[in-house]
Amino acid sequence: MQNREGIIETGWNLDSTYARLPKIFYSNLNPIAVRSPKLVFFNYPLATSLGLNVEGLQNKDGVAMLSGNRIPEGSFPIAQAYAGHQFGHFTMLGDGRALLLGEQITPSGERFDIQLKGSGRTPYSRQGDGRAALGPMLREYIISEAMNAIGIATTRSLAVVTTGESVIRETDLPGAVLTRVAASHLRVGTFQYASKWGTAEDLRVLADYTLQRHFPDADAGENPYLFLLQEVIKRQAVLIAKWQLVGFIHGVMNTDNMALSGETIDYGPCAFMDAYDPATVFSSIDLQGRYAYGNQPHIAGWNLARFAETLLPLLHVNQAEAVKLAQDAISDFAELYHRNWLAGMRAKLGIFNEEIQDESLIKHLLDMMHKHGADYTNTFRALTFDMPEDTALFGIAEFVQWYELWQMRLGRQQESKTISQQLMRSCNPAVIPRNHRVEAALDAAVKQEDYSLVERLLDLLSSPYAHSTEQADYTTLPELSTRSYRTFCGT
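Reading guide: rules and limits
Residues numbered from 1 in each chain as written. Predicted model: local features only at pLDDT ≥ 70, side-chain atom pairs only at ≥ 80, totals over all residues. Heavy atoms only, no water. Pairing = 2+ DSSP bridges. Helix = DSSP H or I, 4+ residues; strand = E, 2+ residues; numbered from the N terminus. Buried < 20%, exposed > 50% of the residue type's maximum accessible area, 1.4 Å probe, protein only. Salt bridge = Lys/Arg side-chain N within 4 Å of Asp/Glu carboxyl O.

As for the pairing of strand 10 (residues 156-168)
Now for step 1: For strand 3 (residues 38-42) and strand 10, the ladder comprises four bridges, and the chain directions are antiparallel. Bridging across to strand 10, Phe41 finds its partner in Val160.
Now for step 2: Pairing analysis gives nine bridges linking strand 10 to strand 11 (residues 172-182), with the strands arranged antiparallel. Paired with Val161 across the strands is Val177, a residue of strand 11.
Now for step 3: In this structure, the hairpin formed by strand 10 and strand 11 is closed by a connection of three residues.

Re unusual backbone geometry
Now for step 1: Backbone geometry places Arg126, a non-glycine residue, at a positive phi of 55°.
Now for step 2: Position of Arg126 relative to the elements: it lies in the loop between strand 8 (111-117) and strand 9 (132-133).
Now for step 3: With a phi close to 65°, Asp266 is a non-glycine residue in the positive phi region.
Now for step 4: Mapped onto the fold, Asp266 is located in the loop between strand 12 (248-249) and strand 13 (271-272).
Now for step 5: Given the relative accessible area of 14%, Asp266 is considered buried.

Quick notes on the pattern of salt bridges
Now for step 1: Within the structure shown, the criterion is met by 26 salt bridges.
Now for step 2: Between Asp61 and Arg70 there is a salt bridge whose closest N-O contact spans 3.0 Å.
Now for step 3: Using a relative accessible area of 31% as the deciding quantity, one classes Asp61 as partly exposed.
Now for step 4: Here the salt bridges do not stand alone but share partners, grouping Lys117, Glu140, Arg180, Arg187 and Asp266 into one network.

Now the structure itself:
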């Protein structure tokens, strides 16, 4: 679509409500231009849903916008300020290499943040260069789109643009800018920042803004700030349960990486488990296992408690009563999480109704998987198609007994085995972003400018519940290695 001057429109329909908050919450600045931007990945379905012009964003002017070389009409670029507990230690933070261009208003009236990641230094960069390397940006694109396809709330990736410049990490690496789409970038750390360095009115304005942004039509009752706390807790209980159900490990669950929208945000040292082990850690800097797979529900509760602390002045004029309201709300998280997790595990095993012994049946399976090093995804995939011989547990007496109990359990519900299998197919992905597949694709892209493996991987991950013949090759496990798989923050 072209305007009257013959210039192809890009479809931006930007607003900047966040920039109307008190100035303490952000800094105004433009992205730093890059030498030679080149579009290497573009998310056509996402662009269309946002109301963007696919053709316009892929021409020279559109790519300039996705690289930060040109500011879209209606944009008011800002770097957001926030704080956070990083591995338990509180510190001042902020967008050190990202800028919020604004909020895209879609044709259906929805609002999404549009952020450039890797767009240059900001007042919050500390010792960083504000840039991003191609590998981590492609990783975020792959994992976030896979999470979305699985059905897990997440930020999305609109585009990756190479910059024609190098970034220096341990070696020189090709630079890139990712365009990230999010319900918002409001974080637990945003409220921690307001609580520590803002006024009581700043905190109230931020809370009111969050309520309006994410719960505009909700009945918040007599205490809207307690409602806000309770709703954020509910969303995180759902989110973390879904992580656990597919074996996803975020890797760096600092409070600044917990989005109040309930979306997964900041894909740094993230990965999916192969062999089931609650102690699995992939992050190269998580030496104590603080953010291990099995710790994620506990850490989520800890982060939410930090969020509740920031809201105390708003919850009640009497501090003791405010603390009680916060504690009561936080105490609900463990049960809410457990309820979501248990319901999800029942579905993964084709169970529709509830029996008291279900949890014991589930935990017995997980214990066997841990003991015998069974692959998490492939075990549930094999059970989905009633092919126990395809699991690492096949032939083990303990598993034979468990399998019989499971079959008896399925027989005690009204739904047929065919219906149970359909449920399992819809809950157990055939493919996940296997670490060795992701690394091979990134290696080809970064070192050889060969993006075919990334494209192939994205295609297969886009329909994780298809259980297609084409996906079969991507269910294979990596060769055994004496070295543990490690991921890095990518800064």
